[in-house]
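Okay, here's what each chain looks like letter by letter:
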Amino acid sequence: DRAAGHRPCFAVATIGSTSRNAVDPVAAIAALCREAGVWLHVDAAMAGSAALCPELRHHFAGLELADSYCFNPHKWLFTNFDCDAFFVADRAALTSALSVTPEYLRNPASEQGGVIDYRDWQVPLGRRFRALKLWFVLRWYGAEGLRDHLRRHMAWAREFADRVDQDADFERLAAVPFSLVCFRHRAGDAFNARLLAALNDSGALLLSHTVIDGRYALRLSVGATHTERRHVEQAWTRIRATATALAAQPAPAGNGAPGSGDAPNGGD
């Protein structure tokens, strides 16, 4: 950017990227941002909930150096959509950019610093009471209850990943630091697109997909409130059975996955 005559001002590091749950080296990025005078925001939309577990906090090393940070309790903390937890190291930097003080908003409590005007923390003046539903979740489960849920989800995701690793027909395309498993059948992109459609059409489970290193991948995420080990085991059984049934069928002509250069049912 500097070589092109630009002045960088903002950088985003990710802890648990959406596509594959990748984790950036936050501490190293933060050091560069401090040196360059660049604002560092850390996005941990889904994986931020994992910081509840002490054994996972190494993924968050360097977070204390960030200027702002957010994660979404509605993604993996059993809170109804929508609910985002947003933190800033220096709230004055945020409120000085967004605060407005027309005459009709002036009052003694605000001017004397006796209250926090949360209207200054976002563009709209009004805000919904999202914190209330998160408060109920925290009160109901407690810290240990939430940790127990998260740990079980991650254990079941690793068990699923082990099954993928041990199966000659499937391969895993990314590490599993949290509860997302990215995998695919070795038959190629078009076959995996057909597999995903068949699985989701069954109504028994719901997978999504992504593209990793140019390869079409299926995504299994363990994170719902009422998910149990048997659900994950049943998912793997159905995935294997559906893949076997599809492999026995002739591939439809011209049924490549979007953005894929694979021949139907071809290898990569």
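Since this is a predicted model, take the numbers as computed values, not measurements. (Residues numbered from 1 in each chain as written. Predicted model: local features only at pLDDT ≥ 70, side-chain atom pairs only at ≥ 80, totals over all residues. Heavy atoms only, no water.)

Check the secondary structure of the chain and you find seven helices and eight strands. Principal axes of the C-alpha set define a box for the chain whose edges measure 75 × 55 × 35 Å. The 268 residues of the chain split such that 41% are buried. For the chain, contacts bridging at least 24 residues in sequence account for 64% of all contacts bridging at least 6. A total accessible area of about 14800 Å² is found for the chain, and carbon and sulfur atoms account for 55% of it. Distance between charge centroids for the chain: 4 Å, based on 29 positive and 29 negative side chains. (Helix = DSSP H or I, 4+ residues; strand = E, 2+ residues; numbered from the N terminus. Buried < 20%, exposed > 50% of the residue type's maximum accessible area, 1.4 Å probe, protein only. Contact = heavy atoms within 4.5 Å. Areas by Shrake-Rupley, 256 points an atom, 1.4 Å probe, with all protein chains shown as cover. Lys, Arg positive; Asp, Glu negative; His and termini not counted. Charge placed at Lys NZ, Arg CZ, Asp CG, Glu CD.)

Attention now goes to the nonpolar core. Within the largest apolar cluster, 30 residues are counted, with the highest numbers of intra-cluster contacts made by Ile-15, Leu-40, Val-42, Tyr-69 and Trp-76. Counting only elements with at least two residues in this core, the list comes to helix H1 (26–36), strand E2 (39–43), strand E3 (68–71) and helix H5 (130–166). If one sorts the elements of this core by residue count, H5 sits on top with five residues. Residues in contact with Tyr-69, not counting those within four places in the same chain, are His-41, Val-42, Ala-44, Gly-48, Phe-60, Leu-63, Ala-85, Phe-86 and Phe-87. In terms of nonpolar packing, the next biggest core, distinct from the first, is built from 27 residues, Leu-199, Leu-207, Tyr-216 and Val-222 among them. (Core = buried A, V, L, I, M, F, W, Y, C linked by side-chain atoms within 4.5 Å.)

Moving on, we come to the sheet that holds strand E1 (residues 10–14). The sheet built from four strands is open, its strands ordered E1-E2-E3-E4 with mixed pairing. A strand with exactly one partner marks an edge of an open sheet, and here the two such strands are E1 and strand E4 (85–88). Between one strand axis and the next, the sheet turns by 15 degrees as a mean value, whatever way the strands run. The pairing of E2 with E3 spans three bridges and is parallel. By the bridge assignment, His-41 is partnered in E3 with Ser-68. Contacts between H1 and the sheet are confined to E1 and E2, with E2 contributing the most and set at about 160 degrees to the helix. (Pairing = 2+ DSSP bridges. Axes fitted to C-alpha atoms, helices over the stretch in contact; angles between N-to-C directions.)

Once that is clear, we can look at the packing of H5 against helix H7 (residues 229–247). Interaxial distance between H5 and H7 falls to 10 Å at its minimum, and their mutual angle equals 20 degrees. The orientation of H5 relative to H7 falls into the category roughly parallel. Between H5 and H7 the crossing geometry is right-handed. Counting all contacts with H5, which are made through Trp-156, Glu-159, Phe-160, Arg-163 and Val-164, the residues of H7 involved are Arg-229, Val-232, Glu-233, Trp-236 and Ile-239. In terms of residue class, the contact of H5 with H7 is built from six nonpolar, no polar and four charged. (Parallel < 35°, antiparallel > 145°, perpendicular 65-115°, else oblique. Left-handed = near helix turned anticlockwise from the far one by under 90°. Nonpolar A, V, L, I, M, F, W, Y, C, P; charged D, E, K, R; others polar.)

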